Amino acid sequence: MDFKLSIASEIAGAIQIAFGDESMSAEEIASYLSVPPDTALGDYAFPCFRLAKALKKAPPMIADTLRDALEAPYLAKVESVKGYLNFYIDRSTYAREVITSALDAGERYGASDIGQGKTILFDYSSINIAKRFHIGHLSTTMLGNALYKMYTFLGYDCVGINHLGDWGTQFGKMICAYKKWGDKDTVERGGVNEMIKLYVHFDKEAADDPALADEGRAWFKRIEDGDPEAMEIFNWFKQVTLKYAEGIYEMLGVTFDSYAGEAFYNDKMGRVLDELNEKHLLIESDGAQVVDLEAYSMPPCLIVKKDGATLYATRDLAAALYRKDTYDFHKCLYVVAYQQDLHFKQVFKVLDLMGYEWYKDMEHVSYGMVSFEGQALSTRKGHVVYLEDLLNTSIEKARAIIDEKSPNLENKDEIARQVGVGAVVFFDLFNNRIKDIDFWWDRALSFEGETGPYVQYSHARCCSVLRKAEGEHAEPNYAALSDPQAQDVVRMIEQFPDIILSAVERSEPSMVTRYSANLAQAYNRFYFENHILDNDLGVRAARLLLTEVTRNTLKTALGLIGIAAPERM
Ligand code: ARG
């Protein structure tokens, strides 16, 4: 039962009876019903000043009259306070309705089909070839993954794109270095590290050997021209990088539908240049071709360099046109750090100037930086935390905690992996994405407070309670859920579908992360305040049902942010 809508129709009915007015529909009334911040003020409140104009009466008078006309079996009381109507739903009806609707929906509680027929593109993770993942890559990967899962849950068709950074003169240098000093086995074995070594070696030698720099450029030219030997080595570099990336994606449980990256658009750039020319948007500036954006208080968007090379922005323009043609997206989200705010503003503006209305359907989902235990990350100063090291350390630490807390647990390795990775991901997705994050081990891995392990542990606690009562079938006495702790849990369960909608609307997975921590806390207060496996079978059955919907909801919430929910810990 949808309390909001049904209270709204009660109000509409009462207005009709008391004032003979039908100007406001139940839907409109429902949109004005709010949830008071303090439950002492009721479950829903309706501001009667919304009616004052139509009824030509003072709000307190309207509220008094409606209060007397209102009557519904599920309402425990209705109060008229200073022009507001406050609705108090009968506690046990409320618990029964929320719990049964959540149980009926099962794993789909909170899901919907509002997205049916609409395609959403996610450009996330988007790693660079021949580079290692550092802790900063975690946010784009996990934010993108979470949004992908949430949109899918709401019925949208989702396409996850890893827009590979696989274009640039550095790849010419790398091939050149490989031809001179590299060997196949070493690169296969050493992977990305070995490629980086080759690159560093090249740069060192090229510093006093200009001929070498020319050779590097010549190799890049060969990539541009599609020369078979250059392409073979280059594609193999890509494969080696992707194999390394696969290992990390597997740990994180992330997958992609497309790896079309910058190189993919190499033969699709002509169209961008032609259109920009036709639309008289390209101007020359110091030998380069740019789109002037001064009127929009932005520096020019560089399209072709003096030497004829295209740029990152050119490839993003080509990618946007290609994606619109190929997927006819409803929305295209770019999950990329805030350092690229300007880049995306420029790209979107250029599309706007090209006359593509759908530029409005593109959104830069930007996020802040990650530092590590108080230290900013910098490659130059050598303070880099690689993601695989971070995840592995976290798994080890989780394993040590589990060994101590639950020495007899089965599958300790698998659970340590779920807890270790979950702790890192939870920490990353806990705050508003635009905030900078400072990662601390003890804060991420604690079993108390707002952490991944805490939420996972609470889920496992629900599982354990339910195991003890497996097979029981008593008629639940919902009045047993009238205490404030139980009611808090019920209220949070009721809010879950709205939380997902808001998280998607704001591209803010942290709303679900926080929600999971709040629900876990609310459940634990209920758990410590009440004896779940009470001797009274009706009381016991009601408390078990609340435990069951909590377990399901925690599991769904964790799943949406990409975290596993082990049943035992
Ligand atoms: N590879 C880029 C980087 O590491 C991110 C690419 C983001 N996606 C895009 N379409 N520009 O900075």
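Residues numbered from 1 in each chain as written. Predicted model: local features only at pLDDT ≥ 70, side-chain atom pairs only at ≥ 80, totals over all residues. Heavy atoms only, no water.

Focus on the sheet that holds strand β3 (residues 84–89)
Across a sheet, paired strands are connected by hydrogen bonds in the backbone, their directions being either parallel or antiparallel. Read across the sheet, three strands follow the order β1-β3-β2 without closing on themselves; strand pairing throughout is antiparallel. Every interior strand has two partners, whereas the edge strands, β1 (44–47) and β2 (75–81), have only one. The mean inter-strand angle of the sheet, taken between neighbouring strand axes irrespective of direction, is 20°. Packed onto the sheet, helix α4 (residues 59–69) meets β2 and β3 and runs at close to 160° relative to β2. (Pairing = 2+ DSSP bridges. Helix = DSSP H or I, 4+ residues; strand = E, 2+ residues; numbered from the N terminus. Axes fitted to C-alpha atoms, helices over the stretch in contact; angles between N-to-C directions. Contact = heavy atoms within 4.5 Å.)

Remarks on the packing of helix α6 (residues 137–153) against helix α16 (residues 412–428)
Where α6 contacts α16, the axes come no closer than 10 Å and their chain directions differ by 90°. Between α6 and α16, the angle falls in the class roughly perpendicular. Only Val424, Val425 and Asp428 of α16 make contact with α6, whose side of the interface consists of Leu138, Ser139 and Met142. Its residues placed into classes, the contact of α6 with α16 shows four nonpolar, one polar and one charged. (Parallel < 35°, antiparallel > 145°, perpendicular 65-115°, else oblique. Nonpolar A, V, L, I, M, F, W, Y, C, P; charged D, E, K, R; others polar.)

Here we look at the pairing of strand β6 (residues 282–285)
As judged from the four bridges shared by β6 and strand β7 (residues 288–291), these two strands associate in the antiparallel manner. Residue Ser285 lies in a different strand from β7, and its bridge partner there is Ala288. Remark: two residues form the turn of the hairpin made by β6 and β7, two consecutive strands paired antiparallel; Asp286 in that turn has positive phi of roughly 55°.

Let's talk about the site of the ligand
Lining the immediate environment of the ligand, one finds Asp123, Ser126, Asn128, His163, Tyr312, Asp316, Tyr334, Val336, Gln340 and Phe344. Between the ligand and Ser126, the relevant distance is 2.9 Å, taken from a nitrogen atom to a main-chain nitrogen or oxygen of the residue. The separation between a nitrogen atom of the ligand and a polar side-chain atom of Asp316 is 2.7 Å. Burial of the ligand by the surrounding chains reaches 85%, relative to a free accessible area of 350 Å². Taken together, the residues of the shell around the ligand sort by class into four nonpolar, four polar and two charged. (Near = heavy atom within 4 Å. Polar contact = N/O pair within 3.5 Å; in protein donor to acceptor, adjacent residues only side chain to side chain. Areas by Shrake-Rupley, 256 points an atom, 1.4 Å probe, with all protein chains shown as cover.)

A word on the nonpolar core
Judged by nonpolar contacts, the single largest core of 162 residues is most densely connected at Leu66, Phe87, Leu252 and Phe439. Those residues in contact with Phe87 that sit more than four places away from it in its chain are Ile7, Ile11, Leu33, Gly42, Asp43, Tyr44, Phe46, Leu70, Leu75, Lys77 and Val78. (Core = buried A, V, L, I, M, F, W, Y, C linked by side-chain atoms within 4.5 Å. Buried < 20%, exposed > 50% of the residue type's maximum accessible area, 1.4 Å probe, protein only.)

Quick look at the packing of aromatic side chains
A full pass over the atoms with the stated rule returns 35 aromatic pairs. Pairing Phe171 with Phe234 gives two aromatic rings, centres 5.3 Å apart and planes at 45°, and the pair type is tilted. Pair noted here: Phe171 is in helix α7 (residues 169–181) and Phe234 is in helix α11 (residues 228–252), with a separation of 63 residues, a long-range link. No difference in accessibility class separates Phe171 from Phe234, as the two residues are buried. Summarising the aromatic geometry, the rings of Phe427 and Phe439 are spaced 5.0 Å apart at their centres and angled 65° between planes, so their arrangement reads as edge-to-face. Of this pair, Phe427 sits in helix α16 while Phe439 is found in strand β12 (residues 437–439), placing the two residues twelve residues apart along the sequence. The pair formed by Phe427 and Phe439 is uniform in burial state, with each residue classed as buried. The lysine or arginine in question, Lys77, covers the ring of Tyr88, its NZ or CZ lying 4.4 Å from the ring centre. The ring centre of Phe264 lies 3.9 Å from the NZ or CZ of Lys268, which sits over that ring. (Phe/Tyr/Trp six-rings, centres within 6.5 Å; stacked < 30°, edge-to-face > 60°. Lys NZ or Arg CZ within 6 Å of the ring centre and 35° of its normal.)

Remarks on helix α21 (residues 537–560)
Within an α-helix, residues lying three or four positions from one another point in the same direction, as the helix has 3.6 residues per turn. With 24 residues, α21 should cover 34 Å at 1.5 Å per step; its first-to-last C-alpha distance of 34 Å lies within 8% of that length. For α21, the tally of buried residues reaches 18 of 24 residues, placing the bulk of the element in the interior. The N-capping residue of α21, defined by a side-chain oxygen 2.9 Å from the backbone nitrogen of Gly538, is Asp536. Just beyond α21, the residue with positive phi is Gly562, at close to 85°. (Expected span 1.5 Å × (residues − 1).)

Notes on the pattern of salt bridges
It is possible for side chains bearing opposite charge to pair when their charged atoms get close. Considering all chains together, one arrives at 32 salt bridges under this definition. Note that Asp68 is salt-bridged to Arg67, the shortest N-O span being 3.1 Å. Take Asp68: its relative accessible area is 61%, and that puts it in the exposed class. A salt bridge links Asp203 to Lys173, with the shortest nitrogen-to-oxygen separation between them at 3.9 Å. Of this pair, Asp203 sits in helix α9 (residues 192–207) while Lys173 sits in helix α7, and the two are 30 residues apart along the sequence. (Salt bridge = Lys/Arg side-chain N within 4 Å of Asp/Glu carboxyl O.)

Brief notes about the state of the cysteines
Counted under the stated rule, the structure contains zero disulfides. Free cysteine: Cys332, not disulfide-bonded; nearest cysteine sulfur from Cys158 at 12 Å. Judged by relative accessible area, which is 0%, Cys332 ranks as buried. (Disulfide = S-S within 2.5 Å.)

Considerations on the sheet that holds strand β4 (residues 119–123)
Read across the open sheet, the four strands follow the order β5-β4-β9-β10; overall the sheet is parallel. Strands at the two margins of the open sheet, each flanked by one partner only, are β5 (157–161) and β10 (362–365). Averaged over all neighbouring strand pairs, the angle between strand axes comes to 20°, with direction disregarded. Where β4 and β5 come together, five bridges link them in parallel fashion. Residue pairing across strands places Ile120 opposite Cys158, the latter belonging to β5. Relative to strand β9 (residues 331–335), α6 is tilted by about 155°, and along the sheet it contacts β4, β5, β9 and β10.

What about unusual backbone geometry?
Positive phi is not limited to glycine here, since Lys56 has a value of about 50°. If you trace the backbone, Lys56 turns up in the loop between α3 (49–55) and α4. Among the residues examined, Lys56 registers a relative accessible area of 73% and is labelled exposed. Backbone geometry places Ser507, a non-glycine residue, at a positive phi of 50°. Along the chain, Ser507 falls in the loop between α19 (484–505) and α20 (510–529).

A look at the side chain of Asn162
In this structure, Asn162 sits in the loop between β5 and α7. Among the residues examined, Asn162 registers a relative accessible area of 0% and is labelled buried. For Asn162, the side chain forms a polar contact with the main-chain nitrogen of Ile127, separated by 3.2 Å. Contact partners of Asn162, with chain neighbours within four places excluded, come to Tyr124, Ser125, Ser126, Ile127, Tyr249, Phe256, Ser258, Tyr259, Ala260 and Gly261.

A closer look at the packing of helix α18 (residues 452–468) against α20
The description of two packed helices rests on the angle between their axes and on the distance between the axes. The contact between α18 and α20 brings their axes to 9 Å, and the two run at 45°. Between α18 and α20, the crossing angle belongs to the class labelled oblique. Crossing angle aside, the handedness with which α18 passes α20 is left-handed. On α20, the residues that touch Tyr454, Val455, Ser458, Arg461, Cys462 and Val465 of α18 are Ser516, Ala517, Ala520, Gln521, Tyr523, Asn524, Tyr527 and Phe528. Its residues assigned to classes, the contact of α18 with α20 comprises nine nonpolar, four polar and one charged. (Left-handed = near helix turned anticlockwise from the far one by under 90°.)

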